[in-house]
Amino acid sequence: MTPRLRLVLLALALACIAPALPAVIGALPVFGSHPLPYGDIINRLAPAERHVTNMVSAVNFDYRGFDTLGEEMMLFVAVTGTAVLLRGTRGEAITALPATVPGRQIPPHSEALVLTARWFAPVTILFGIYVVLHATVTPGGGFQGGVIIASGLLLLYLGEGYAGWRRFMRNGPLDAIEGGGAAAYALAGFGPMLVGAQYLQNVLPLGSMKLLLSGGLMVVVNASVAFAVAGGFGILFVEFLEETRAEDPTQ
Amino acid sequence: MTLLPWAVCVWLFAIGLYGIITSRHYVHLIGCLSVVQSATYVLLLAIGFRWGAGAPIFYDHPPGTPAVDPVVQALVLTDIVIGAAVTALLLALALQLHRRSGTLDPEALRPMQ
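Residues numbered from 1 in each chain as written. Chains lettered and ligands numbered in written order. Predicted model: local features only at pLDDT ≥ 70, side-chain atom pairs only at ≥ 80, totals over all residues.

**Digging into the overall build of chain B**
Note the threshold: Note on conventions: DSSP H or I runs of at least 4 residues are helices, E runs of at least 2 residues are strands, and numbering of each starts at the N terminus. In this description the radius of gyration comes from C-alpha coordinates, and the expected globular size is given by 2.2 Å times residues to the power 0.38. Distance between backbone-placed C-beta atoms decides contact: two residues are in contact if it is within 7 Å.
The helix and strand tally for chain B stands at three helices and zero strands. The C-alpha radius of gyration computed for chain B amounts to 19 Å, which surpasses the reference 13 Å derived for 113 residues by more than 25%, pointing to a less compact arrangement than a globule. Overall, chain B is about 65 × 30 × 15 Å in size when its C-alpha atoms are taken along their principal axes. Here the contacts in chain B between residues at least 6 apart in sequence split such that 49% fall between residues at least 24 apart.

**Notes on the environment of Ile-148 of chain A**
Residues and elements named next belong to chain A. As a reminder of what qualifies: Every C-beta atom is placed from the backbone, and the number of other C-beta atoms within 10 Å of a residue's own sets its class: buried at 20 or more, exposed at 12 or fewer, partly exposed in between.
Position of Ile-148 among the secondary structure elements: in helix α7 (residues 142-168). According to the C-beta neighbour criterion, Ile-148 is buried, with 22 such atoms within 10 Å. Between the C-alpha atom of Ile-148 and that of Pro-29, which follows or precedes it by 119 residues, the distance is 35 Å. Aside from chain neighbours lying at most four places away, what touches Ile-148 is Thr-124, Phe-127, Gly-128 and Val-131.

**So, helix α6 (residues 111-133) of chain A**
Residue and element names in this part refer to chain A. Quick reminder of the rule: Residue count minus one, scaled by 1.5 Å, sets the expected span of a helix.
Between its first and last C-alpha, α6 extends 33 Å over 23 residues, near the 33 Å set by a 1.5 Å rise per residue. Of the residues making up α6, those classed as buried are Ala-121, Thr-124, Gly-128, Val-131, Val-132 and Leu-133. Buried residues along α6 sit in contact with α7 and α9 (217-242).

**Notes on the confidence of the model for chain A**
For clarity, the threshold we go by: Residue-level confidence of the predictor, termed pLDDT, takes values from 0 up to 100.
Here chain A averages 88 in pLDDT, while 98% of its residues score no lower than 70. Highest mean pLDDT in chain A belongs to α6 of chain A (95); lowest belongs to helix α2 (residues 21-27) of chain A (84).

What follows is the structure, given as structure tokens:
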């Protein structure tokens, strides 16, 4: 299909949608008027009901906990699919040899880069853990913190180079962290059923507000999300960087 | 000013869609898809916004202070993380495609043998 034909198809589609556009634009709420009732109900009830101060986490890990389980599985499936696609042709062999392009030199490792990465990687990972731990109290949570921890792992790659990085970024533990996190979320939902409550119902002691351990089951769910996200992005980094390696000459 | 968020949202969606339609490279197409996706973030956050309201975090402010909608924020939050992972999956597909057919131009692709 040529670009011109695609543009003609786009114009046809727009011509079909165009008559409805004024009605849709006219029905948009005025910006800042906020017509949705659910958020206000949660803002009003959740602090007293769940003893948490972060309403976004309360929605994610408790009120919409079941939806988040679905999103967690989407993440899991996307990461698994990427790993299967890339490992499928490359195989599971691990080599530290960088692939080379004829006529292009691999630049030497810069000391300034190593120093900067060694300074910032631990601080970034520590900040990620901080964000994870404060999920129910201040802005943060397993999703954001997990991604921050994963970016710290990528900084470690910049500092240590591929071989040094792969010494602790092992496939087995990373897979276990990613899968274990996703499984812990699903299994944490069955916990309440043992005492006769519903799936993912928050039956743990809620703790007191503004403490790290407030929110009951949210603490468990949040931690499992953090593991799954950090492990999942770690796997993605490993898989894509493994693509830049040369074929192992011994095989 | 009250139209600006909707305008940004429409612009992001339109420019991303135009990029997808006229794309000549799959990596470019995946980038455009992310732009289209970010239009939904702007839309959701703009719908949840309320003038004079703070963040839905009641740490410094007592519960009951006017706050924006936490539900749409939670939706956007998970969407961003999942979106990044799905983008990685699409890029892996593009890599695989390049390995098999040697090209990432939609025009040059032929049905797989």
